[in-house]
Amino acid sequence: MKKFNLSKKLLALVLTLAALFTVLCGCSGDALEGKATVVLHGDTDVVYELDLKECGFKEKDNVYVALKWLYDNKDVPFSANTTFNDKGFDAFINSVGDLTPASNTTQYIAFFHNVESQKDTYGYVDNVTYNNTTLYYSAVGVGGLELTDGLIIYFTILSY
């Protein structure tokens, strides 16, 4: 009887570790196809065109994963405070590229995108336009917006 309980515990441990590995590594899901654009809006816009397949992105990968890819592969610096709770993973972006809010001010990194279903509906921040495309102030964080073909990700500094 003990041998059976030990086997069940071992199996449960192995399955738990496999699930955790899959979630943390982003190893699940099919490869994404298409392109996404990352814009760092400053005095001069810095634009990165990402081929989702060539970059190795998979279904369920999010904007945070894209930022990490830019950091690892294009030397784009960024820093973030990350959280993981019952609602999932997310990150507050402290800086990305040359965008760094001034210390001791009300400045912050704002995040816009072209996914209408994930736009902020409070209306505190106006939409922006990039290449004739309306971009919405995000209602979700970088950990909550999945990468998709045609996605435009736009970061800028705003004040509240």
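Before any of the text, the structure's been laid out above.
It should be emphasised that the depicted structure is a prediction, and the values quoted were computed from it without experimental measurement. (Residues numbered from 1 in each chain as written. Predicted model: local features only at pLDDT ≥ 70, side-chain atom pairs only at ≥ 80, totals over all residues. Heavy atoms only, no water.)

J.: Quick question: what am I supposed to make of the overall build of the protein here?
T.: A tally of regular secondary structure across the protein gives two helices and eight strands. Listed N to C, the secondary structure of the protein is α-β-β-α-β-β-β-β-β-β in terms of helices and strands. Residues counted as buried form 34% of the 160 residues belonging to the protein. Contacts in the protein between residues at least 24 apart in sequence constitute 54% of all its contacts with a sequence separation of at least 6. When the accessible surface of the protein is split by element, carbon and sulfur atoms take 53% of a total near 10400 Å². (Helix = DSSP H or I, 4+ residues; strand = E, 2+ residues; numbered from the N terminus. Buried < 20%, exposed > 50% of the residue type's maximum accessible area, 1.4 Å probe, protein only. Contact = heavy atoms within 4.5 Å. Areas by Shrake-Rupley, 256 points an atom, 1.4 Å probe, with all protein chains shown as cover.)

J.: What should I look at first to understand the environment of Asp51 in this one?
T.: Tracing the backbone through its elements, the reader meets Asp51 in strand β2 (residues 46-51). With 15 residues separating them in the primary sequence, Asp51 and Ala36 have C-alpha atoms 6.7 Å apart. Those residues in contact with Asp51 that sit more than four places away from it in its chain are Gly34 and Lys35. Within the structure, the side chain of Asp51 is placed 3.1 Å from the side chain of Lys35, a separation counted as a polar contact. Side-chain polar atoms of Asp51 contact the backbone nitrogen of Lys53, separated by 3.1 Å. (Polar contact = N/O pair within 3.5 Å; in protein donor to acceptor, adjacent residues only side chain to side chain.)

J.: Just checking my understanding: could you explain the environment of Asp43 for this structure?
T.: Residue placement: Asp43 occurs in the loop between β1 (35-40) and β2. Considered as a pair, Asp43 and Asp98 are 55 residues apart in the sequence and their alpha carbons are 9.9 Å apart.

J.: For this particular structure, what's the right way to read the sheet that holds β1?
T.: Within a beta sheet, neighbouring strands are joined by backbone hydrogen bonds and run either parallel or antiparallel to one another. One open sheet holds the six strands; their spatial order is β2-β1-β8-β5-β7-β6, and the pairing between them is mixed. The open sheet has two free edges, formed respectively by β2 and β6 (128-130), since each of these has just one partner strand. Sheet twist, expressed as the average angle between the axes of neighbouring strands with direction ignored, equals 30 degrees. Here strand β5 (residues 107-113) pairs with strand β8 (residues 152-159) via seven bridges, running antiparallel. Across the sheet, residue Phe112 finds its bridge partner in β8, namely Tyr154. On the sheet, helix α2 (residues 63-74) packs against β1, β2, β5 and β8 and is oriented at approximately 105 degrees with respect to β2. (Pairing = 2+ DSSP bridges. Axes fitted to C-alpha atoms, helices over the stretch in contact; angles between N-to-C directions.)

J.: Sorry if this is basic, but what is going on with the nonpolar core here?
T.: One broad trend across soluble globular proteins is that nonpolar side chains are buried collectively. Core analysis: the biggest nonpolar cluster contains 29 residues, and Leu50, Phe57, Val63, Val96, Val142, Leu147 and Phe155 have the highest contact counts within it. Elements with a minimum of two residues in this core: β1, β2, α2, β4 (88-96), β5 and β8. The greatest single-element share of this core, amounting to six residues, is contributed by α2. (Core = buried A, V, L, I, M, F, W, Y, C linked by side-chain atoms within 4.5 Å.)

J.: Hey, could you run me through the pairing of strand β7 (residues 133-137) in this one?
T.: Looking down a regular strand, the side chains alternate between one sheet face and the other. Of the pairings in the sheet, the one linking β5 to β7 comprises two bridges and is antiparallel in character. Looking across to β7, one finds that Phe112 is bridged to Tyr137. Sheet analysis places β6 next to β7, joined by three bridges and oriented antiparallel. Counted as the bridge partner of Tyr130 is Thr133 from β7.

J.: Even after reading the chapter, I still don't get the packing of aromatic side chains, so can you show me in this structure?
T.: The description of an aromatic ring pair uses the distance of the two centres, along with the angle that the planes make with each other. Under the criterion given, the structure shown has nine aromatic pairs. With 6.0 Å between their ring centres and 10 degrees between their planes, Tyr122 and Tyr124 make a pair best called stacked. For Tyr122, a relative accessible area of 64% gives the class exposed. Judged by relative accessible area, which is 73%, Tyr124 ranks as exposed. Every member of this aromatic cluster is reached through a ring pair, and the members are Phe112, Tyr130, Tyr137 and Tyr154. (Phe/Tyr/Trp six-rings, centres within 6.5 Å; stacked < 30°, edge-to-face > 60°.)

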